[in-house]
Amino acid sequence: MESVDLAAVRWIHGAPDCDRSIDPPLQVVAADEDTFVIRQSKCVNFEAPFLYLLLGTETALLHDTGATADADLFPIRRTVEDLTAGRSLRIVVTHSHGHGDHWAGDAQFTDLPPGSVASIGAERVAEFFGIEDWPGGEATLDLGDRTVDVLPTPGHLGDHIALFDRTRGFLLSGDALLPGTLTVRDWPAYRESTNRLARFARETEAQGRPIEYILGAHIEMSTTGELYELGTIYQPDEAQLPLTVDDLFALEAMLDKAGETPRSIRADRFVVEPIDGA
């Protein structure tokens, strides 16, 4: 299977009238034969999150399960089984964070063996991965010839994590960094998390494992930098999904300049927006 440049993919992006939409409930793009990016249709749920399926020789890791529990409306379990057919792989489910649009599909994985599905909440996430010093510590997952770093990144939400796939150079950034609005509930924690991610990026570059793409959980911005209205079911002319380490370093610099006082920050590829609430 040929590799696909994720920057060139045109994703399903909803419709003006979902009753007339011909989009499938989800779109699967194979970055390579062991790496899949899955997008939920905006006509199933306006959040339209991106999910990531990474296959090792022993384990299939599904990162986030989407915004819809009903398998008839959003068949994420069947899709995972189809993509792993013919391989004897244990399925493990993790989440970028505890907002419902990232774990509602867990309802389709309740029959997996104990310890296969990560819980939500910082304490339980740390326990699942064996991170003793949250949020300063790290962990790794061995999928079998495929190592994934687990990096706590609270700020958007207290249990937020990012994953780094060493074999592909993909940093899965969840809602912490994406082409759109970066909502920040804990400003000091978000600044610290961004600094840690930037340090990690520099360290992994020095080790010969550079970050090729930063892949978030949503697209919320057009190619011209305009933000789509929250709740919209139609997003034509979307920005590309991948961001780069340059975007991460730009965010780091902007947050450093902003200092300790929360404030909105506008950049070409994202908008930082401090908010209150869970």
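Right above here is the structure, for reference.
About the thresholds
Residues numbered from 1 in each chain as written. Predicted model: local features only at pLDDT ≥ 70, side-chain atom pairs only at ≥ 80, totals over all residues. Heavy atoms only, no water. Salt bridge = Lys/Arg side-chain N within 4 Å of Asp/Glu carboxyl O. Helix = DSSP H or I, 4+ residues; strand = E, 2+ residues; numbered from the N terminus. Buried < 20%, exposed > 50% of the residue type's maximum accessible area, 1.4 Å probe, protein only. Core = buried A, V, L, I, M, F, W, Y, C linked by side-chain atoms within 4.5 Å. Contact = heavy atoms within 4.5 Å. Axes fitted to C-alpha atoms, helices over the stretch in contact; angles between N-to-C directions. Parallel < 35°, antiparallel > 145°, perpendicular 65-115°, else oblique. Left-handed = near helix turned anticlockwise from the far one by under 90°. Disulfide = S-S within 2.5 Å. Pairing = 2+ DSSP bridges. Phe/Tyr/Trp six-rings, centres within 6.5 Å; stacked < 30°, edge-to-face > 60°. Patch = residues over 30% accessible without salt bridge, like charges linked within 9 Å, V, L, I, M, F, W, Y side chains within 5 Å. Areas by Shrake-Rupley, 256 points an atom, 1.4 Å probe, with all protein chains shown as cover.

Peer 1: Help me understand the pattern of salt bridges in this model?
Peer 2: When the charged atoms of two side chains with opposite charge come close together, those side chains can pair. Per the stated rule, a full pass over the model turns up 11 salt bridges. The partner of Arg39 in a salt bridge is Glu238, and the shortest N-O contact between them spans 2.8 Å. Here Arg39, found in strand 2 (residues 35-40), pairs with Glu238, found in the loop between strand 11 (213-216) and helix 4 (245-258); they are 199 residues apart in sequence, far enough to count as distant. You can call Arg39 buried: its relative accessible area is 0%. Residue Glu238 is classed as buried on the basis of its relative accessible area, which comes to 13%. Sharing partners across several salt bridges, the network here consists of Asp32, Asp34, Arg87 and Arg168.

Peer 1: Looking at this structure, I do not really get the nonpolar core. What am I missing?
Peer 2: Counting residues in each nonpolar core, the largest one holds 28 residues, and the members touching the most others are Leu6, Trp11, Phe129, Val150, Leu215 and Leu241. Broken down by secondary-structure element, the contributors of at least two residues to this core are strand 1 (26-32), strand 3 (50-55), helix 2 (122-129), strand 6 (139-142), strand 7 (147-152), strand 8 (161-165), strand 9 (170-174) and strand 11. What Leu6 contacts, discounting residues up to four positions off in sequence, is Val29, Ala31, Val37, Phe170, Tyr213, Leu215 and Pro242. Residues Leu178, Leu182, Tyr190 and Ile214 belong to the second largest nonpolar core, which totals 27 residues.

Peer 1: In this structure, what is going on with the packing of helix 3 (residues 187-206) against helix 4? I would like to understand it.
Peer 2: In a packed pair of helices, the relevant descriptors are the angle between the two axes and the axis-to-axis distance. Axis separation between helix 3 and helix 4 bottoms out at 9 Å; the angle between their running directions is 140°. The angle between helix 3 and helix 4 falls in the class oblique. As for how helix 3 packs across helix 4, the hand of that crossing is left-handed. For the pair formed by helix 3 and helix 4, the contact residues are Trp187, Tyr190, Arg191, Thr194, Asn195, Leu197, Ala198, Ala201 and Arg202 on the first element and Val245, Leu248, Phe249, Leu251, Glu252, Leu255, Asp256 and Ala258 on the second.

Peer 1: Would you take a moment to explain the state of the cysteines for this structure?
Peer 2: In protein structure, a disulfide is the covalent linkage between the sulfur atoms of two cysteines. Applying the stated rule across the entire model yields one disulfide. Residue Cys18 pairs covalently with Cys43 via a disulfide, S to S 2.0 Å. Disulfide Cys18-Cys43: the torsion about the S-S bond is -80°, which places it as left-handed. With Cys18 in the segment before strand 1 and Cys43 in the loop between strand 2 and strand 3, the pair connects residues that are 25 residues apart, well separated along the chain. Residue Cys43 is classed as partly exposed on the basis of its relative accessible area of 27%.

Peer 1: Before we go on, may I ask you to explain the environment of Gly216 in this structure?
Peer 2: Residue position: Gly216 is located in strand 11. Gly216 sits in the buried class, given a relative accessible area of 1%. Sequence separation between Gly216 and Glu203 is 13 residues, and the spatial gap between their C-alpha atoms is 21 Å. Setting aside anything within four residues of it in sequence, one finds Gly216 in contact with Phe50, Tyr52, Ser173, Gly174, Leu177, Leu178 and Leu241.

Peer 1: Can you walk me through the pairing of strand 3 in this structure?
Peer 2: Two faces, one strand: in a regular strand the side chains alternate between the faces of the sheet. By the criterion of burial, strand 3 is predominantly enclosed, with six of the six residues buried. Of the two faces of strand 3, the one holding Phe50, Tyr52 and Leu54 and the one holding Leu51, Leu53 and Leu55 are both buried throughout. Sheet topology places strand 2 next to strand 3; five bridges connect them, and they run antiparallel. Across the sheet, the residue bridging to Ile38 is Leu51, located in strand 3. Taking the residues between adjacent antiparallel strands as the criterion, strand 3 and strand 4 (residues 59-63) are bridged by three residues.

Peer 1: Whenever I open this one, the packing of aromatic side chains confuses me. Can you help?
Peer 2: Note on aromatic pairs: each is described by the distance of the centres and the angle between the planes. Applying the stated criterion across every chain yields a total of four aromatic pairs. Taken together, a centroid distance of 5.1 Å and an interplanar angle of 85° make the contact between Phe128 and Phe129 edge-to-face. Assessed through its relative accessible area of 27%, Phe128 is described here as partly exposed. Of the residues examined, Phe129 reaches a relative accessible area of 11% and is grouped as buried. Aromatic pair Phe170 and Tyr213: ring centres 6.4 Å apart, planes at 20°, arrangement stacked.

Peer 1: Before we go on, may I ask you to explain a nonpolar patch on the surface in this structure?
Peer 2: Nonpolar side chains collect at one region of the surface, where Phe46, Leu230, Ile233 and Tyr234 lie side by side and expose about 380 Å² of accessible area between them. Relative to the helices and strands, Ile233 is located in the loop between strand 11 and helix 4. On the accessibility criterion, Ile233 (32% relative accessible area) is partly exposed.

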